Amino acid sequence: FASGVLPTEEFPDGNDLRPKHYGLDRWVDFYTPRQALVHGTFGEEFAALIPEVRDAIGDRADDVLFELALMQGKALNWNSRLSSWNVARQGMRSVFDRHDFSFKWTFAEFEGATALYSWCLDQLDDAYGGIARLLDETGAADLGTNVRLHREVTVTQGSAASLSLDDGSVTHVCMDPPYYDNVMYAELADYFYVWEKRTLGRLVPDYFHDDLTDKDNEAVANPARFAMMGKRKSELADLDYETKMTSIFAESRRVLSDDGVLSVMFTHKRAEAWDTLGMGLLQAGFTIETSWPVNTEFEHSMHQANMNSAASTIMLVCRKRTNHADDHKVYLDDVEYDIRQAARDAATRFQHDGIDGVDLLLSTYGPTLSVISQNWPVYSSTPDADGRDQLLRPEDALALAREEIVDLRRSRLVGKATKVDGLTDFVLLAWDTFGAREFPFDTARLLALAVGGLDVDDLERAKIVSKSSGKVTLLTPRERLRRGADSGLPGVMPETSSFEYIIDAVDTALYIAEIDGQQAAKRFLDRHGYTSDAGFISTLQGLANAIPRTKVKGTWVVPEAGLIDTLCTLYFDDVVLPEAEEMAAPVDPNENTLFDVE
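Residues numbered from 1 in each chain as written. Predicted model: local features only at pLDDT ≥ 70, side-chain atom pairs only at ≥ 80, totals over all residues. Heavy atoms only, no water.

(A) Focus on the packing of aromatic side chains. As enumerated under the stated definition, the model contains 30 aromatic pairs in all. Aromatic side chains Phe524 and Tyr530 sit 6.1 Å apart centroid to centroid with 45° between the ring planes, which places their arrangement in the tilted category. With a relative accessible area of 1%, Phe524 lands in the buried category. Exposure remark for Tyr530: the relative accessible area of 11% places this residue in the buried category. Above the plane of the ring of Tyr379 lies Lys329, whose end atom (NZ or CZ) is 4.7 Å from the centre. (Phe/Tyr/Trp six-rings, centres within 6.5 Å; stacked < 30°, edge-to-face > 60°. Buried < 20%, exposed > 50% of the residue type's maximum accessible area, 1.4 Å probe, protein only. Lys NZ or Arg CZ within 6 Å of the ring centre and 35° of its normal.)

Following this line, the structure appears as C-alpha cells:
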C-alpha cells in the first residue's frame, strides 16, 4: 500500500452499485489479499523492468514494454473475487462474462505464483501473432510496387465526432457503436484503468491524466450522469446518446467519399435503442441501402445462455443521402404501405433462411429504416401540441413493422388471416418466438409493444406473466385463476358470464378440464358457445402449433399442450394437431438445449 502500487481509490458512483452493497468499497477490495499481492507484484516488477529493457534494446523498448503491460488486464479479468467457475466447460470465467459487476457468492481463483502470468503471456503472444499473420496475409504485395504504402496501418486515438481525416478521403467507415444503455463501457473500464495507470501510465502518461475514465464524452445512454435531474434522467440520457451518435454519423459522412459506404453493426433488442440510432443516421444525412442479420453471439456466452436473446448482429449498409429540392412533404401515411411491405418481405425472406425468434423481429428494422431514409424528411401524421408538423420518430415506423410481423406469424400459426386481441396475441407469439415459458424481460417488453402497444406491467396485471430478476414467465391456467374481489379483471374465471380476451376463455376451459375433467369443460364451452366461435378455435389452433408438443416418458413437458391435445381431440375436429415428439431423457422446458431459437 505504501508504495502506491495497489489501487486504494474508492469505487465510484454509477449505474451498478452492487460492489458497494457487498462491501467492495475500494478497487483493491475486488481481490483477496493473495490476489492483490500477485497483481501488485507484477506492478512493482514492471516498474523495475522499464530501465532494464530500455538499456537493452533502445528505441524499441517502449513498444515491447507496452505489449508486456497488456498482460495485466488479462490477469485482472481472470483473477478476482468476481471471477467464477464455468461448470459446463470445467474452466474459469472472467470477471466480465456478463458485461457488468455482478457479484459472485463463490469465486474461482487462478494460481498466481507460476500459472497466471505465464498463461497471460501465452495469450498475449497468440493475439499478437494472430494480428501479425492477418497483416501478412492481406496480399498487399500484389497490390502494386509500393508495398509499404499499401501495408501501412495508422492507429489514432480520439473522438469519433472529430476525426483527423480530410473531407471525402475515406471509402469505407465500419462502425460497431455503443449499444445504447446496454453496456456502460467507461464504468467497466475503470476496473482496469486504476491498475494500468500505474503500469501503462509510466509509458504513456497522457492516456491516464484523469483519476478515472471519461464518462461525460462517452456515447452511451448513461442515466447516472443525469442522476440529479430525478425522473428526467433517462430522458436526458437518451437525448445525450442521440446527440452524440448524430455528431459521430455526421463526421463519418464528412470524411466519406461520395460513393463511400458506412457499415453499422447493431444488436440491441430494445425499440428505444433502434429509435435513437435510426434518428442519428437520418439526421446525419444517410440512407440505409440494405441490411441483414449475421449470427455473432457465442452460444455459451453468459449474457446469451438460456435467455432466448438476439443472437444476431444487424448489419446496416448506409450511403450519403443526395439532397434534392422537393417542396412536397412526405408524411407517414404516404409511406406506410411501403414500410409494411418491406417488413413483410424481409420477414418472409429471413424466415425462409432460418432466422427466427427475436432475430426475425430485428431483421425487419433495417428495411423499415431504409424506407423512411429514402424519403427523408418524413413527418409524423400527428402534429405537435401547437399544431405544427413534427419529424417522424423511427420508432413509429418500427411499430408498423412489428405489427406486420405479428400478423404474419399469427396467420402462419392459425393457418389463415385472422384478428385476436393483444393479450391473446402476446401468448401466441411468446410461445411461437421462444418455445419456452421463461424469457428475458427486455424481449417480453419488445414483443408486448409489437402486439398492441402493451407493456410488461399490463401483462402482469392481466396475470399473463410474472416477472422477476430480469426475466418474464408465462403463467399456467391454474396460476391465472381469479378469486372474489379480482372478478372483472383478466384471468381465469370459471363462473363469469363473458370474457373480454380470448386467451382468458381458452385458459379457463383448460383450467376446468384439468381440475374438473373434460366433460365439465364441455359444459363450459357449450354455455358460452365456444365450440363454434371462430376466434376461440383460431386461438386453439395457434396454441397447438406454438406450444412445444414434447413428451418425456409419456408425460407432456408443457402441461397446456396435453390439455389442448385432449380438448381438441374430443370437441374440435377442425383443429389440426401437430405430431407430438417423445424425448428419451428428462428435460427442462426452459432450457435452450431443447427449444433452441436458431
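Here the narrative resumes, following the displayed structure.
(B) Fine view of the environment of Thr322. By secondary structure assignment, the location of Thr322 is in the loop between β6 (312–320) and β7 (330–331). Looking at Thr322, the relative accessible area reads 63%, which means it is exposed. (Helix = DSSP H or I, 4+ residues; strand = E, 2+ residues; numbered from the N terminus.)

(C) Quick peek at the environment of Thr246. One can find Thr246 in helix α8 (residues 233–255). The class of Thr246 is buried, set by a relative accessible area of 18%. Expressed as a C-alpha distance, the spacing of Thr246 and Ala161, which sit 85 residues apart in the sequence, is 8.7 Å. Separated by 2.8 Å, the side chain of Thr246 and the backbone oxygen of Glu242 make a polar contact. (Polar contact = N/O pair within 3.5 Å; in protein donor to acceptor, adjacent residues only side chain to side chain.)

(D) Representation of the packing of helix α19 (residues 534–546) against helix α20 (residues 559–571) in the model. At a minimum axis separation of 10 Å, α19 and α20 run at an interaxial angle of 135°. Judged on the interaxial angle alone, α20 and α19 are oblique. In this structure, α19 meets α20 at a crossing whose hand is left-handed. In contact with Leu540, Leu543 and Ala544 of α19, α20 contributes Ile564, Leu567 and Cys568. Among the residues forming the contact of α19 with α20, the class breakdown is six nonpolar, no polar and no charged. (Axes fitted to C-alpha atoms, helices over the stretch in contact; angles between N-to-C directions. Parallel < 35°, antiparallel > 145°, perpendicular 65-115°, else oblique. Left-handed = near helix turned anticlockwise from the far one by under 90°. Contact = heavy atoms within 4.5 Å. Nonpolar A, V, L, I, M, F, W, Y, C, P; charged D, E, K, R; others polar.)

(E) Quick peek at the confidence of the model for the protein chain. In the predicted model, the protein chain carries a mean pLDDT of 85, and 89% of its residues have values of at least 70. Across residues 586–598 the pLDDT falls below 50, and counting only partners more than four positions away or on other chains, this stretch makes 31 contacts in the model. (pLDDT = per-residue confidence, 0-100.)

(F) Representation of the side chain of Glu187. Relative to the helices and strands, Glu187 resides in helix α7 (residues 185–196). Buried and unpaired, Glu187 has Lys215 as its nearest opposite-charge partner, separated by 6.8 Å. Within the local environment of Glu187, its side chain forms a polar contact with the side chain of Asn15, the two groups lying 2.9 Å apart. Of the polar contacts made by the side chain of Glu187, one reaches the side chain of Asn222; its length is 3.5 Å. In this view, Glu187 contacts Gly14, Asn15, Asp16, Phe101, Lys215, Asn222 and Ala224; residues no more than four positions away in its chain are not counted. (Lys, Arg positive; Asp, Glu negative; His and termini not counted. Salt bridge = Lys/Arg side-chain N within 4 Å of Asp/Glu carboxyl O.)

(G) Broad picture of the nonpolar core. Formed by 59 residues in total, the largest nonpolar core has its most connected members in Phe426, Ile464, Phe536, Leu540, Leu543 and Phe572. For Ile464, the residues in contact, after removing those within four places along its chain, are Leu423, Phe426, Val427, Leu459, Thr473, Leu474, Leu475, Arg480 and Ile503. Within the second largest apolar cluster, 56 residues are counted, among which are Trp274, Ile314, Ile372 and Leu400. (Core = buried A, V, L, I, M, F, W, Y, C linked by side-chain atoms within 4.5 Å.)

(H) Summary view of helix α4 (residues 71–78). In terms of burial, α4 is a largely internal element, seven of the eight residues being buried. Buried residues of α4: Met71, Gln72, Gly73, Ala75, Leu76, Asn77 and Trp78, and no others. If you follow the buried residues of α4, they end up packed against α2 (33–57), α3 (61–69), β2 (91–93), α5 (116–136) and α7.

(I) Summary view of the sheet that holds strand β11 (residues 471–474). Read from one edge of the open sheet, three strands run β9-β11-β10, paired in antiparallel fashion. The outermost strands of the open sheet, each flanked by one partner alone, are β9 (438–440) and β10 (465–468). For this sheet the average axis-to-axis angle between neighbouring strands, irrespective of direction, equals 25°. Those strands touched by helix α15 (residues 441–450) are β9, β10 and β11, and its axis lies near 90° from that of β9. (Pairing = 2+ DSSP bridges.)

(J) Looking closely at α7. Given a rise of 1.5 Å per residue, 12 residues ought to cover 16 Å, and the 16 Å separating the end C-alpha atoms of α7 matches this to within 8%. Within α7, 10 of the 12 residues are buried, which leaves it mostly tucked inside the rest of the structure. Listing the buried residues of α7 in full gives Ala186, Glu187, Leu188, Asp190, Tyr191, Phe192, Tyr193, Val194, Trp195 and Glu196. Residues of α7 that are buried sit in contact with α2 and α4. (Expected span 1.5 Å × (residues − 1).)

(K) Region of the structure containing the sheet that holds strand β13 (residues 555–556). Strand order in the open sheet formed by three strands is β13-β12-β14, and the pairing between neighbours is mixed. The sheet is open, and its two borders are formed by β13 and β14 (581–583), each paired with just one other strand. Taken together, the two bridges between strand β12 (residues 550–552) and β13 define a ladder with antiparallel strand orientation. Its bridge partner lying in β13, Lys551 is registered against Trp556.

(L) Region of the structure containing unusual backbone geometry. Note the cis peptide between Trp376 and Pro377, where omega equals 5°. Residue placement: Pro377 occurs in the loop between α12 (365–374) and β8 (378–379). The backbone phi angle of Lys463 is positive, close to 55°, even though this residue is not glycine. Mapped onto the elements of the fold, Lys463 is located in the loop between α16 (456–461) and β10.

(M) A look at the environment of Ile405. Residue placement: Ile405 occurs in helix α13 (residues 394–414). On the basis of relative accessible area, Ile405 is assigned to the buried category, the value being 4%. Separated by 60 residues in the primary sequence, Ile405 and Asp345 have C-alpha atoms spaced 10.0 Å apart. Ignoring sequence-local partners within four residues, the contact set of Ile405 consists of Ala343, Ala347, Leu361 and Thr364.

(N) Region of the structure containing a nonpolar patch on the surface. A contiguous nonpolar surface patch, about 410 Å² in accessible area, is contributed by Ile131, Leu135, Val153 and Val155. Mapped onto the elements, Leu135 comes out in helix α5. (Patch = residues over 30% accessible without salt bridge, like charges linked within 9 Å, V, L, I, M, F, W, Y side chains within 5 Å. Areas by Shrake-Rupley, 256 points an atom, 1.4 Å probe, with all protein chains shown as cover.)

(O) Region of the structure containing the packing of α2 against α3. Interaxial distance between α2 and α3 falls to 9 Å at its minimum, and their mutual angle equals 160°. Our classification of the angle between α2 and α3 gives roughly antiparallel. Regarding α2 and α3, the two cross each other, and that crossing is right-handed. In this structure, α2 uses Phe42, Phe46, Leu49, Ile50, Val53, Arg54 and Ile57 to contact α3, whose residues at the interface are Ala61, Asp62, Val64, Leu65, Leu68 and Ala69. Classifying every residue of the contact of α2 with α3 by side-chain character gives 11 nonpolar, no polar and two charged.

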